[in-house]
Amino acid sequence: MKKISLVLLLFSFICFGQEGRHIRISDSLFNIGETDLAISHLNKCLEVQTDKKIQFECFSSLCTLYKQNGDYKLCLENGHKSIPIASKYKFTNLELYGDVLYNMAVAKFRLGDLDSTFFYSKAALLQRERNLNPNHPKIIQNINALGLFYRTIGDLSECVKYQEKALNLALNSDSLDYNSLIISHFYVGNSYAAINNLQVAKTHYLEALKYFEDSLATKGIYKAHLFSSLGVVLANQKDLESSQEHYLEALKIFKEFEPEGYVNIAITYSNLANNYTNLGEYDRAKEFHKKAISLISDRGLEPELTWKYFNLGATYLDNKEYGKALEYLLKSKLFNTKYNGAKNELHSMVLNHIAMVHLANN
């Protein structure tokens, strides 16, 4: 694999003059798992290129690669470099420009800046609706993401509205894109799970999985998300053993198809840990909670730590280890207030659990 990617890299240096070659080479490297080489290739291209369109394409592609790699700060840095070039030289109608706006929205979301998340995601959707076919998979992706963002701020009616819209677009496309159908069913399922309509949520997840049975879908990573969400529904339905099986299958697929998708792997660790807590297996629960926290901390993704610390604190509380419980609950409160403010569901839950610790300690 290394030899193939190095040959591609060397070949790219010879072909800098051919239009689009730099992007095709970086895409090829990324697709065979050589993300670092793809990034290196684009940076070397930027060192020698003065053509503004090529510079825009390189910065835009770096924005995408860093988002895929979970390095959201560098994603934003390269996005901010590409936007002024696009504006000055009239590249704002290109598909890559919509990708930059969308990737920046995701990065802002991951870093806890929700105001900017909505700004960039709505700008991306507007750009894509102006320049792509009405049922284009990227428009469907964008609408789904907006639904997710609304769910994050607790606006469940807007969440359901956007995600039902995305599913209808996917179902009524002239040429069905099965990957878009899967992700749309997935998001609609999540919307119904959020309003506690678990059976409808489960129906959408199972409907999406059917496309894998018929070999119509090509993105295996989507199966991991579906197994993970089914695990959540099954846990809420008190079928913990089946829930654990789905989480473990999701974890296996995440590690196979997206080993650098640290947030998804950490969430799966947390879900497994919560089930272990409910099963009374506290040592296993603490082990998996700490795996999740370590994975997120090492990547500098502080906003993701709010729920991770809360879950670990709740596990210590259940196990009557009150000192440790208070330590992690206070950390959760600190990070939640810092990134999400003091008017959200988690803040109330943290205060309630802290009160339980103090009651236990008289």
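Below: a short report on this structure.

Procedures and definitions
- Residues numbered from 1 in each chain as written.
- Predicted model: local features only at pLDDT ≥ 70, side-chain atom pairs only at ≥ 80, totals over all residues.
- Heavy atoms only, no water.
- Axes fitted to C-alpha atoms, helices over the stretch in contact; angles between N-to-C directions.
- Helix = DSSP H or I, 4+ residues; strand = E, 2+ residues; numbered from the N terminus.
- Parallel < 35°, antiparallel > 145°, perpendicular 65-115°, else oblique.
- Left-handed = near helix turned anticlockwise from the far one by under 90°.
- Contact = heavy atoms within 4.5 Å.
- Nonpolar A, V, L, I, M, F, W, Y, C, P; charged D, E, K, R; others polar.
- Buried < 20%, exposed > 50% of the residue type's maximum accessible area, 1.4 Å probe, protein only.
- Phe/Tyr/Trp six-rings, centres within 6.5 Å; stacked < 30°, edge-to-face > 60°.
- Lys NZ or Arg CZ within 6 Å of the ring centre and 35° of its normal.

## Overview of the packing of helix α6 (residues 95-110) against helix α7 (residues 114-131)
When two helices pack together, you describe them by how their axes are tilted relative to each other and by the distance separating the axes. Viewed as axis vectors pointing N to C, α6 and α7 meet at an angle of 160°, and their least axial separation amounts to 8 Å. Taken together, α6 and α7 sit at an angle that is classed as roughly antiparallel. Here α6 and α7 pass one another in a crossing that is left-handed. Between α6, through Tyr-97, Gly-98, Asp-99, Leu-101, Tyr-102, Met-104, Ala-105, Lys-108 and Phe-109, and α7, the contact on the second element is made entirely by Leu-114, Ser-116, Thr-117, Tyr-120, Ser-121, Ala-123, Ala-124, Gln-127 and Arg-128. Classifying every residue of the contact of α6 with α7 by side-chain character gives 10 nonpolar, five polar and three charged.

## As for the environment of Ile-39
Within the element layout of this structure, Ile-39 appears in helix α3 (residues 35-48). A residue is classified by how much of its surface remains accessible, and Ile-39, at 8% relative accessible area, is buried. Separated by 27 residues in sequence, Ile-39 and Tyr-66 place their C-alpha atoms 8.3 Å apart.

## Here we look at the packing of aromatic side chains
In total, this model carries 16 aromatic pairs according to the counting rule given. Look at Tyr-309 and Tyr-328: their rings are 6.0 Å apart centre to centre, the planes differ by 25°, and that puts the pair in the stacked class. Residue Tyr-309 is found in helix α16 (residues 305-318), and its partner Tyr-328 is found in helix α17 (residues 322-340); the two are separated by 19 residues along the sequence. Take Tyr-309 and Tyr-328: they sit in the same class, and that class is buried. In textbook terms, an aromatic cluster arises when at least three aromatic residues are bridged by ring pairs, as seen for Phe-109, Phe-118, Phe-149, Tyr-150 and Tyr-162. Just above the ring of Phe-288 sits the side chain of Lys-291; from NZ or CZ to the centre is 4.8 Å.

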